[in-house]
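Observations on chain architecture
Residue-level listing of the chains:
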Amino acid sequence: MRSRISLLILLVFCLCNASLFAQKSISVNSPDRSISVNLQNTTDGNLLYSLTYKGKPVIQPSTLGFSFSSPKALLNKFTITAVDSSAVDKSWSPVWGEVSVIRNNYKEVIVK
């Protein structure tokens, strides 16, 4: 469960730094395919993201943008310049703790 939360935080962080091509759709699933994050860029430059858990919607398609109060500005138009993905499946041994081996298993997509 902790690795799922870490995956979600990593994906949201990557999405916050994202820019997208028009009508580009990107999806990434957790290694066990229970969590799915989808990202879509509309023709007018808006970025939509959604999240499902075990096939059930957790976050409905929502727009991503930044609203600044000083200076007053709204940044909500994005362009994809690059997409990179990778998967990690490693184990490591902590110095102390309840378990002797911890599995670090996740997929990531970096969208620029």
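You'll find the structure just up there.
Residues numbered from 1 in each chain as written. Predicted model: local features only at pLDDT ≥ 70, side-chain atom pairs only at ≥ 80, totals over all residues. Heavy atoms only, no water.

**A look at the nonpolar core**
By size, the foremost hydrophobic cluster in this structure holds twelve residues: Ile 26, Val 28, Ile 35, Val 37, Leu 39, Leu 47, Leu 51, Leu 64, Phe 78, Ile 80, Val 109 and Val 111. Those elements giving two or more residues to this core turn out to be strand S1 (25-29), strand S2 (35-41), strand S3 (47-53) and strand S8 (102-111). With three residues, the single largest contributor to this core is S2. (Core = buried A, V, L, I, M, F, W, Y, C linked by side-chain atoms within 4.5 Å. Buried < 20%, exposed > 50% of the residue type's maximum accessible area, 1.4 Å probe, protein only. Helix = DSSP H or I, 4+ residues; strand = E, 2+ residues; numbered from the N terminus.)

**Some thoughts on the sheet that holds S1**
What the four strands build is an open sheet, ordered S1-S2-S3-S4; its pairing is antiparallel. Taken across any chain shown, the strands that pair with only one partner, and hence form the sheet edges, are S1 and strand S4 (56-64). Taken pair by pair, the neighbouring strands of this sheet meet at an average axis angle of 15°, ignoring direction. The pairing of S1 with S2 spans five bridges and is classified as antiparallel. (Pairing = 2+ DSSP bridges. Axes fitted to C-alpha atoms, helices over the stretch in contact; angles between N-to-C directions.)

**Digging into the pairing of strand S5 (residues 66-69)**
Taken together, the four bridges between S5 and strand S6 (residues 72-75) define a ladder with antiparallel strand orientation. The residue bridging Phe 68 from the neighbouring strand is Ala 73, located in S6.

**Some points on a nonpolar patch on the surface**
The grouping of Tyr 53, Val 58 and Ile 59 at the surface amounts to a nonpolar patch, some 240 Å² of accessible area in total. Tracing the chain through its elements places Val 58 in strand S4. (Patch = residues over 30% accessible without salt bridge, like charges linked within 9 Å, V, L, I, M, F, W, Y side chains within 5 Å. Areas by Shrake-Rupley, 256 points an atom, 1.4 Å probe, with all protein chains shown as cover. Salt bridge = Lys/Arg side-chain N within 4 Å of Asp/Glu carboxyl O.)

**Description of the side chain of Thr 42**
Along the chain, Thr 42 turns up in the loop between S2 and S3. One polar contact links Thr 42 to Asp 44, side chain to side chain, over a distance of 2.3 Å. (Polar contact = N/O pair within 3.5 Å; in protein donor to acceptor, adjacent residues only side chain to side chain.)

**Some details on unusual backbone geometry**
Cis geometry marks the peptide bond from Ser 70 to Pro 71; its omega dihedral reads -5°. Among the structural elements, Pro 71 can be located in the loop between S5 and S6. The phi torsion at Arg 33 lies on the positive side, around 65°, for a residue other than glycine. Locating Arg 33 in the fold gives a position in the loop between S1 and S2.

**Some thoughts on the packing of aromatic side chains**
Overall, the coordinates contain one aromatic pair when judged by the stated rule. For the pair Phe 66 and Phe 78, a centre-to-centre distance of 6.5 Å together with 65° between the ring planes defines the contact as edge-to-face. Of this pair, Phe 66 sits in strand S5 while Phe 78 sits in the loop between S6 and strand S7 (83-92), placing them twelve residues apart in sequence. We classify Phe 66 as partly exposed; its relative accessible area is 33%. (Phe/Tyr/Trp six-rings, centres within 6.5 Å; stacked < 30°, edge-to-face > 60°.)

Any functional reading would require information that these geometric values do not contain.
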